[in-house]
Amino acid sequence: MTTPPAAPGPHASPLDLGGRTALVTGAAGGIGRACALRLAAAGAKVRAVDRDAPGLEALAESAAGLPGAVEPHVLDLTDLDAAELVAAGTDVLVNNAGLQLVRPLEDFPPDVFHTVLTVMLEAPFRLIRGALPHMYGQGWGRIVNISSVHGLRASAYKSAYVAAKHGLEGLSKTAALEGAPHGVTSNCVNPAYVRTPLVEKQLADQARAHGLPEERVLTDVLLRDSAVKRLIEPEEVAEAVAHLCGPHASFVTGTSLVLDGGWTAH
């Protein structure tokens, strides 16, 4: 029987990922950008993956002077073979990239449904598949999947997004069970609505779907079920990701860290 690591004291050292390689998808903006900067601040060399080349360049400029570094990788995650290849040699994998379309089921375009599932479920599978050989070989790895409150609850008009996030929850749990003997943890982080371009673009779609003026969508739809009546900041989500990468979280695996302002407390 192995000896468990000593519990951190009240003055545990801050996260140190010096010498580690992290990969963050959807890194050009929003949650992904915040995660890339947070991990670089902890000393990691961050492979920042996105199809937005100018956004990645801006991210790299923002990371200048941090203890770690940001390496832009322009990649469309619908290229699944390329996604698997870029994950090789990764110590920390943050599956964050996502897209959203708000439409009733009967009007939801099948091609968009397919793309959402490809980017948000199949690509994470391929990225995990590409990262695991290195993680297993060294006996350490951290997989953090940016899920959502919609990985735990459904909302109308978001069939593809809800299906993808529910699938990601199952994929994460499976990776946790298989990775545990190899020192690899896998968890989800589940925020409610975050102040990101993805959420901002939803306002018009939600207004049409619910027959509301846009100014009422935030209060009457997005924040309706949240006890804390505000959007989450991307940096708050990034801090949760950092927590799951730290040594004090080595026993946390196969679970979901919910940042929903009390939504699921109902």
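Above this text is the structure in question.
So, on to the overall build of the protein chain. Assigned secondary structure in the protein chain consists of eight helices and seven strands. A compact globule built from 266 residues should have a C-alpha radius of gyration of about 18 Å, and the protein chain, at 18 Å, falls within 12% of that. If you line up the protein chain on its principal axes, its C-alpha atoms span 55 × 40 × 35 Å. Taken across its 266 residues, the protein chain has 48% of its residues classed as buried. For the protein chain, the proportion of contacts with a sequence separation of at least 24, taken over those separated by at least 6, is 73%. Positive and negative side-chain charges in the protein chain, numbering 21 and 28 respectively, have mean positions lying 4 Å apart.

Packed helices, taken two at a time, are described by the angle their axes make and the gap between the axes. Helix 8 (residues 234-245) packs onto helix 1 (residues 30-41) with a crossing angle of 50° between their chain directions and a minimal axis gap of 8 Å. It follows from the interaxial angle that helix 1 and helix 8 lie oblique. The crossing of helix 1 and helix 8 is right-handed. Note on element contacts: helix 8 touches helix 1 through Pro234, Glu235, Val237, Ala238, Glu239, Val241, Ala242 and Cys245, opposite Gly30, Ile31, Ala34, Cys35, Arg38 and Leu39. The residue makeup of the contact of helix 1 with helix 8, split by class, is ten nonpolar, one polar and three charged.

We now examine helix 7 (residues 214-222). Buried within helix 7 are the following residues: Val217, Val221 and Leu222. Take helix 7 and look down its axis: the buried residues cluster within an arc of 70°, on one side only. Residues of helix 7 that are buried make contact with helix 6 (197-210).

Taken as a whole and judged by the stated rule, the model has nine salt bridges. Two residues, Asp81 and Arg126, come together in a salt bridge whose shortest N-O distance is 2.5 Å. Of this pair, Asp81 sits in helix 3 (residues 80-86) while Arg126 sits in helix 4 (residues 110-138), and the two are 45 residues apart along the sequence. The exposure class assigned to Arg126 is buried, which follows from its relative accessible area of 15%.

Before going further, it helps to examine the pairing of strand 6 (residues 184-191). Of all eight residues making up strand 6, eight are buried, and the element is well covered by its neighbours. Residue alternation in strand 6 divides its side chains into two sets, Val184, Ser186, Cys188 and Asn190 and Thr185, Asn187, Val189 and Pro191, and both sets are buried. Sheet analysis places strand 5 (residues 141-146) next to strand 6, joined by six bridges and oriented parallel. Bridging across to strand 6, Val144 finds its partner in Asn187. What joins strand 5 to strand 6 is helix 5 (residues 159-179), and the crossover it makes is right-handed.

Where helix 6 meets helix 7, the closest approach of the two axes is 9 Å, and the angle between their N-to-C directions is 90°. In terms of orientation, helix 6 and helix 7 fall into the roughly perpendicular class. Of the residues in helix 7, those in contact with Val199, Leu203, Ala204, Gln206, Ala207 and His210 of helix 6 are Glu214, Val217, Leu218, Val221 and Leu222. Class assignment for the residues of the contact of helix 6 with helix 7 results in eight nonpolar, two polar and one charged.

Our next topic: the sheet that holds strand 6. Read from one edge of the open sheet, seven strands run 3-2-1-4-5-6-7, paired in parallel fashion. Across the chains shown, the open sheet's two edge strands, defined by having one partner strand only, are strand 3 (69-74) and strand 7 (256-259). Between one strand axis and the next, the sheet turns by 15° as a mean value, whatever way the strands run. With respect to the sheet, helix 2 (residues 53-62) is in contact with strand 2 (45-50) and strand 3, its orientation differing from that of strand 3 by roughly 175°. Contacts between helix 4 and the sheet are confined to strand 1 (21-25), strand 4 (92-95), strand 5 and strand 6, with strand 4 contributing the most and set at about 170° to the helix.

With twelve residues, helix 8 should reach 16 Å at 1.5 Å per residue; the first-to-last C-alpha distance of 17 Å fits that figure. For helix 8, every residue scored as buried is listed here: Pro234, Val237, Ala238, Ala240, Val241, Ala242, Leu244 and Cys245. Against helix 1, strand 4, strand 5, strand 6 and strand 7 lie the buried residues of helix 8.

Checked against the element boundaries, Arg142 lands in strand 5. Taking the C-alpha atoms as reference, Arg142 lies 9.4 Å from Thr253; in sequence the two are 111 residues apart. Reaching out from Arg142, the side chain makes a polar contact with the backbone oxygen of Gly183 at a distance of 3.4 Å.

For the rest of this paragraph, the subject is unusual backbone geometry. Both trends apply: most residues other than glycine have a negative phi, and most peptide bonds are in trans. Positive phi, close to 75°, is recorded for Tyr157, a residue that is not glycine. Within the secondary structure layout, Tyr157 lies in the loop between strand 5 and helix 5. The class for Tyr157 is partly exposed, based on a relative accessible area of 28%.

Here is what the cut-offs are and how they apply
- Residues numbered from 1 in each chain as written.
- Predicted model: local features only at pLDDT ≥ 70, side-chain atom pairs only at ≥ 80, totals over all residues.
- Heavy atoms only, no water.
- Helix = DSSP H or I, 4+ residues; strand = E, 2+ residues; numbered from the N terminus.
- Rg over C-alpha atoms; globule rule 2.2 N^0.38 Å.
- Buried < 20%, exposed > 50% of the residue type's maximum accessible area, 1.4 Å probe, protein only.
- Contact = heavy atoms within 4.5 Å.
- Lys, Arg positive; Asp, Glu negative; His and termini not counted.
- Charge placed at Lys NZ, Arg CZ, Asp CG, Glu CD.
- Axes fitted to C-alpha atoms, helices over the stretch in contact; angles between N-to-C directions.
- Parallel < 35°, antiparallel > 145°, perpendicular 65-115°, else oblique.
- Left-handed = near helix turned anticlockwise from the far one by under 90°.
- Nonpolar A, V, L, I, M, F, W, Y, C, P; charged D, E, K, R; others polar.
- Arc of directions from axis to C-beta.
- Salt bridge = Lys/Arg side-chain N within 4 Å of Asp/Glu carboxyl O.
- Pairing = 2+ DSSP bridges.
- Right-handed = clockwise from strand over helix to strand, strands pointing away.
- Expected span 1.5 Å × (residues − 1).
- Polar contact = N/O pair within 3.5 Å; in protein donor to acceptor, adjacent residues only side chain to side chain.

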